[in-house]
Amino acid sequence: MELRQLTYFVAVAEELHFGRAAERLHIVQSAVSQQVRRLERELGAELFDRSPRRVRLTAAGERLLPEARAVLAAAERARAAVAPPPGLRIGTSTGLGAHLDRVLGAFAERAPDVPVELFSLPVGERLARVGGGQLDAAFVRAVEPVPGVRVLPLWPDPLVAAVPASHPLARRPEIRVDELAALPLALTERRNNPALVDLVVGACHRAGFEPLPGPVSGSLQDTLASIGTRPLWTVVYASHARVLHSPRVAFVPFEAPGLALSTGLAVHATRTPPHLDNLLLACGDHEN
């Protein structure tokens, strides 16, 4: 008796049709019929009452069905017992900085055998892949609701001002937003990060000025390189600033209440990803 024969028998018993069972198993009908016949010969009993109009289980087939299901379930448990644990696919962005290192370290302590794959992607693609099942989770900041995705709140992420290290403001322990009015603001286009742009531009308006437009570059690295050579400013997440090393750029906190965006973990709206509990606990460990 083979597991394959039991698999085919259960499929026919549930469909009560050899053709539909073959479609479900993605094989030809003759293979299903052949293996069920072999099983019947080995057991010495007819399992199906075959007629031109319908297929029905015999009494022997009725008795075998729960036992066959139990054997297949036990075989699946045996496979699972020796299979490597499923990995965790997480969407990230460069701005996570020290947050990501600490969360991954805490997760590794809780689940040392679980491999983690990181995918640095634009926020729209992160959310799309979470909704489509290509990512198990993704770190996001202040995103609009997306169908098929729910966002679990994690922590607020403060922003700091990045200014030339030679500028007088660079020597200040804290600065006000209005003190930056004379410097052009180098910020990404709004379509790339609407929450961030709206937060910074809105803070400038509340401080009483329209920010001077600075150059729009393709990456934070390019922006910081520009700030190091000319009077400009931008914002950087404090967690990221702690891991950046740019001697020509200074990172200065804003005076309270400061500027911050909330960070959350995007997961599928209905399917719970593997290892979510440990990942959330690792995020909590990070905060403590």
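Anything mentioned here points back to the structure above.
Reference entry: report on the structure contained in this document. (Residues numbered from 1 in each chain as written. Predicted model: local features only at pLDDT ≥ 70, side-chain atom pairs only at ≥ 80, totals over all residues. Heavy atoms only, no water.)

1. Focus on the environment of Val216
Here comes step 1: Examined against the element boundaries, Val216 turns out to sit in the loop between helix 7 (194-206) and helix 8 (220-227).
Here comes step 2: Each C-alpha atom, one on Val216 and one on Glu189, is 7.0 Å from the other, the two residues being 27 residues apart in sequence.
Here comes step 3: When neighbours within four sequence positions are excluded, Val216 is seen to be in contact with Leu187, Thr188 and Glu189. (Helix = DSSP H or I, 4+ residues; strand = E, 2+ residues; numbered from the N terminus. Contact = heavy atoms within 4.5 Å.)

2. So, the pairing of strand 9 (residues 260-268)
Here comes step 1: Of all nine residues that make up strand 9, seven are buried, and the element is covered over most of its length.
Here comes step 2: As paired elements, strand 5 (residues 137-141) and strand 9 share four bridges and run antiparallel to each other. Across the sheet, Phe139 pairs through a bridge with Leu265, a residue of strand 9.
Here comes step 3: Where strand 6 (residues 149-164) lies against strand 9, nine bridges are found, and the strand directions are antiparallel. Paired with Asp157 across the two strands is Leu261, which belongs to strand 9. (Buried < 20%, exposed > 50% of the residue type's maximum accessible area, 1.4 Å probe, protein only. Pairing = 2+ DSSP bridges.)

3. Some thoughts on the pattern of salt bridges
Here comes step 1: Per the counting criterion, the structure on display carries 19 salt bridges.
Here comes step 2: The closest approach of N and O atoms between Glu46 and Arg37, which form a salt bridge, is 3.5 Å.
Here comes step 3: Residue classification places Glu46 among the partly exposed positions, given a relative accessible area of 45%.
Here comes step 4: For Glu76, the salt bridge identified is with Arg79, shortest N-O distance 3.2 Å. On the criterion of helical spacing, the pair formed by Glu76 and Arg79 is a turn pair, its members being three residues apart in helix 4 (residues 59-82).
Here comes step 5: With a relative accessible area of 46%, Glu76 lands in the partly exposed category. (Salt bridge = Lys/Arg side-chain N within 4 Å of Asp/Glu carboxyl O.)

4. Section: the pairing of strand 3 (residues 88-92)
When a strand is regular, its side chains alternate between the sheet's two faces.
Here comes step 1: For strand 3, a buried count of four out of five residues is recorded, marking the element as mostly surrounded by other parts of the structure.
Here comes step 2: As paired elements, strand 3 and strand 4 (residues 116-120) share five bridges and run parallel to each other. Bridging across to strand 4, Ile90 finds its partner in Leu118.
Here comes step 3: Taking the sense of rotation as the criterion, the β-α-β connection linking strand 3, helix 5 (residues 98-110) and strand 4 turns out right-handed.
Here comes step 4: As paired strands, strand 3 and strand 5 are joined by two bridges and run parallel to one another. Of the residues in strand 5, the one forming a bridge with Gly91 is Ala138. (Right-handed = clockwise from strand over helix to strand, strands pointing away.)

5. Some remarks on the layout of surface pockets
Here comes step 1: Considering only enclosed or pocket space, the largest pocket measures out at about 1,100 Å³ in volume.
Here comes step 2: Around the largest pocket sit 42 residues that line it, and Thr94, Thr188, Asn192, Asn193 and Leu196 are the ones nearest its centre.
Here comes step 3: When residues of the lining of the largest pocket are traced back to their parent elements, those giving at least two are helix 6 (123-132), strand 5, helix 7, helix 8 and strand 7 (234-237).
Here comes step 4: Of the residues contributing to the lining of the largest pocket, the split by class is 22 nonpolar, 15 polar and five charged.
Here comes step 5: Its volume calculated, the second largest pocket comes out at about 180 Å³.
Here comes step 6: The wall of the second largest pocket is formed by Ile175, Arg176, Val177, Ala203, Arg206, Ala207, Phe254, Glu255, Ala256, Pro257, Gly258 and Leu259.
Here comes step 7: In terms of residue class, the lining of the second largest pocket is made up of eight nonpolar, one polar and three charged. (1 Å grid on protein atoms, 1.4 Å probe; cavity = no way out; pocket = protein on both sides within 12 Å on 5 of 7 lines; lining within 4 Å. Points joined across faces, edges and corners; volume = space filled by probe spheres on them. Nonpolar A, V, L, I, M, F, W, Y, C, P; charged D, E, K, R; others polar.)

6. Considerations on helix 2 (residues 18-25)
Here comes step 1: Residues of helix 2 that are buried include every one of Phe18, Gly19, Ala21 and Ala22, and no others. In an axial view of helix 2, the angular spread of the buried residues amounts to 160°, which keeps them on one side of the axis.
Here comes step 2: Among the structural elements, helix 1 (3-15), helix 3 (29-43), strand 1 (48-50) and strand 2 (55-57) are those in contact with the buried residues of helix 2.
Here comes step 3: Directly beyond the C-terminal end of helix 2, a positive phi value near 60° is found at His26. (Arc of directions from axis to C-beta.)

7. Brief notes about unusual backbone geometry
Here comes step 1: Of note, the bond from Ala256 into Pro257 is cis; its omega dihedral lies within 30 degrees of zero at 10°.
Here comes step 2: Of note, His26 is a non-glycine position whose phi angle comes to about 60°, a positive value.
Here comes step 3: With respect to the helices and strands, the residue His26 is situated in the loop between helix 2 and helix 3.

8. Digging into the packing of aromatic side chains
Here comes step 1: A full pass over the atoms with the stated rule returns three aromatic pairs.
Here comes step 2: Where Phe18 meets Phe48, the ring centres are 5.8 Å apart and the plane angle is 70°; that geometry is what we call edge-to-face. Of this pair, Phe18 sits in helix 2 while Phe48 sits in strand 1; the two residues are 30 residues apart in sequence, bridging distant segments of the chain.
Here comes step 3: Look at Phe48 and you get buried, because its relative accessible area is 2%.
Here comes step 4: Counting every residue linked through ring pairs, the aromatic cluster contains Phe9, Phe18 and Phe48. (Phe/Tyr/Trp six-rings, centres within 6.5 Å; stacked < 30°, edge-to-face > 60°.)

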